[in-house]
Structure formats: C-alpha cells, structure tokens
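This is what each chain is made of:
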Amino acid sequence: MTTIAVIQHEDGCPLGLLDAWLTGAGATLRVHRPYAGEPLPDAGDADGLIVLGGSMGAMGDDERHPWLPATRDLLAAAVDRSVPTLAVCLGHQLLVAACGGQVGRNPAGKQMGLLPVGLTSESVGERLFANVTEGSRAVQWNNDIALELPEGTAILAETPDGVPQAIRIGEAAWGIQFHPEVDADMVAAWAADERPRPGASEAIEAIRAAAGELEATWRRFAERYVNLTERGL
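Only a predicted model underlies this, so the values are computations on that prediction, with no experimental measurement involved.

Trainee: Where do I start with the environment of Lys110 in this structure?
Mentor: With respect to the helices and strands, the residue Lys110 is situated in the loop between β5 (102–105) and β6 (111–116). A polar side-chain atom of Lys110 sits 3.3 Å from a polar atom in the side chain of Glu194.

Below you can see the structure in the form of structure tokens.
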C-alpha cells in the first residue's frame, strides 16, 4: 500500500474530494498541519507528497507563516529525489519558487470559477495527464500565478493568455494552478471570506452544476497519481 504525505496550510483548504478518491485508490494519507504546530515530513518519509492550497503568498508571507520556507525546501528535495509530488494552487506556486521561479499577482486579475484546461503538446502521453482530455474543465480561484518558471519546466496546460495551469518540474513533480479537490460549498466558504466580487455567485453555481463532470475527470487523475506513487519513479 502506498503512503502519501499531505501538507495542509489552513483549515479551510483541506484535501476535500481528493481524500476519498486517493484512499479509494488504495493510498494511506498522512496529513501534516504545520499551522497547528505539526512538523513537516522529510522528502523520503512517504511514497508521494501532496502540497495543498492556501490564502497566503508563496514568496512574501514567510514571517506570518513561518513553515513556508521549510515547505519550499521540502518541495526542492522532493524534486531532487523524484518523489511523486502533486502541488495544488499555493502548492504549485511554492514548487515554482522552490525551484528558482517567480510568483506574484496576476496582472489580469483574479482567476475565478470553471476554466478550460488548456492542454499543450507536452501533455500528450504525459504520465499524470494521460486521462485528461481536450475540453476538460477545472476550478480556479487564485490571485497569484507563476510569473517566471524554473528552467526546464514542462508546461502541460495554460490559459489562452499564457498563464501556466499545469507544469512538471523534473521527473515527478507536478504543479497545478487549479483545484481538483474542491466542491461548490468549499469555494463558497472561500468567497465568503473575501470582499464581494462580481460574478462570484454565478461561478459557484456553475461549479455546483458541473459536479459530475468534474468528478469524472479529476477522480481518474487522482487514481493515476496513486498509481504513480505505487510504481515508484
């Protein structure tokens, strides 16, 4: 049985839907909550590593969230050791920063709601994205983006204006700017904690209506990730 270490950054950003999908595929999950004083794992402590999202910044919030530098170090070590890693939203941004890239505010503003996953030619035959088809959609809810990617990064998906949605660094570290783990209720809770935004209610209802579509795509994605941790890389 494969064991996956999970880094959770705050109560409102848990594994969500991924919990049942990963355990249903045979994984044992060990959730580390450094904001609650729990220690981070070492890169070799588990067969896989998942780093979740959060409201903090990947590069400018170290003083308020002092575990972030250690999380970046953990991600860099996971890349070096080819530990199968899935880094979600903030996790994706931390992965980019850990490997020498730059993260900051999206000049075009917040990415919000259901967006098409703009698969690139590099996604064809890619191990984790093999079952993600053209036209697939995912939930995005982020202000920050990767502004500059580390050298050698494979861009697997991007928006029409060139913002990375999915990347791979090294052999086995995947960063995704979108949220396969969320449902409409989780996003609604995030929206309630933010200043009101035009279109937020409509975006949440669209996410609710697309629940079956999203599960069909991202459950298989989660199962494939578990398979990669079991095989070893």
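Trainee: In this structure, what is going on with the pairing of strand β3 (residues 48–51)? I would like to understand it.
Mentor: Consecutive side chains along a regular strand alternate between the two faces of the sheet. Alternating residues of β3 divide into Gly48 and Ile50 and Leu49 and Val51, and every residue in both groups is buried. For β3 and strand β4 (residues 85–88), the ladder comprises three bridges, and the chain directions are parallel. Its bridge partner being in β4, Leu49 is matched across the sheet by Thr85. For the crossover that starts at β3, traverses helix α2 (residues 68–80) and ends in the parallel β4, the hand is right-handed.

Trainee: What exactly am I supposed to notice about the packing of aromatic side chains here?
Mentor: Each pair of aromatic rings is reported with the distance of its centres and the angle of its planes. Taken as a whole and judged by the stated rule, the model has four aromatic pairs. Between Tyr35 and Trp67, the ring centres sit 6.5 Å apart and the planes meet at 55°, which makes this aromatic pair tilted. Taken together, the residues span a long stretch of sequence, with Tyr35 in the loop between β2 (28–32) and β3 and Trp67 in the loop between β3 and α2 at a distance of 32 residues. For Trp67, a relative accessible area of 12% translates into the label buried. Between Phe178 and Trp218, the ring centres sit 4.9 Å apart and the planes meet at 45°, which makes this aromatic pair tilted. Linking Phe178 in the loop between β11 (173–176) and α4 (184–192) with Trp218 in helix α6 (residues 211–231), this pair joins segments that are 40 residues apart in sequence. Pairwise contacts between aromatic rings join Phe129, Phe178, Trp218 and Phe221 into one cluster.

Trainee: Could you clarify how one ought to interpret the side chain of Thr71 in this entry?
Mentor: In this structure, Thr71 sits in helix α2. With residues near it in sequence (within four places) discarded, Thr71 still touches His9, Leu40, Val51 and Leu94.

Trainee: Is there a simple way to think about the environment of Gln102 in this case?
Mentor: Position of Gln102 relative to the elements: it lies in strand β5. Sequence separation between Gln102 and Leu149 is 47 residues, and the spatial gap between their C-alpha atoms is 6.6 Å. When residues no more than four places from it in sequence are discounted, the contact partners of Gln102 are Met59, Val96, Ile145, Ala146, Leu147 and Glu148.

Trainee: Teacher, can you tell me more about the sheet that holds β3 here?
Mentor: Backbone-to-backbone hydrogen bonds pair the strands of a sheet. The strands run either parallel or antiparallel. Taking strand neighbours across the sheet as the criterion, the seven strands line up as β2-β1-β3-β4-β11-β10-β9 in an open arrangement whose pairing is mixed. Looking at which strands have only one partner, the edges of the open sheet turn out to be β2 and β9 (154–158). Going from strand to strand, the sheet's axes swing by 15° on average, the running direction of each strand aside. Taken together, the five bridges between strand β1 (residues 3–7) and β2 define a ladder with parallel strand orientation. Note on β2: the bridge partner recorded for Ile7 is His32.

Trainee: Where do I start with unusual backbone geometry in this structure?
Mentor: A negative phi angle is the norm for most residues apart from glycine, just as the trans form is the norm for most peptide bonds. In this structure, Ser82 is a non-glycine residue whose phi angle is positive, near 55°. Among the structural elements, Ser82 can be located in the loop between α2 and β4. Non-glycine residue Cys89 carries a positive phi angle of around 55°. Summarising the element assignment, Cys89 is placed in the loop between β4 and α3 (90–98).

About the cut-offs
- Residues numbered from 1 in each chain as written.
- Predicted model: local features only at pLDDT ≥ 70, side-chain atom pairs only at ≥ 80, totals over all residues.
- Heavy atoms only, no water.
- Helix = DSSP H or I, 4+ residues; strand = E, 2+ residues; numbered from the N terminus.
- Polar contact = N/O pair within 3.5 Å; in protein donor to acceptor, adjacent residues only side chain to side chain.
- Buried < 20%, exposed > 50% of the residue type's maximum accessible area, 1.4 Å probe, protein only.
- Pairing = 2+ DSSP bridges.
- Right-handed = clockwise from strand over helix to strand, strands pointing away.
- Phe/Tyr/Trp six-rings, centres within 6.5 Å; stacked < 30°, edge-to-face > 60°.
- Contact = heavy atoms within 4.5 Å.
- Axes fitted to C-alpha atoms, helices over the stretch in contact; angles between N-to-C directions.

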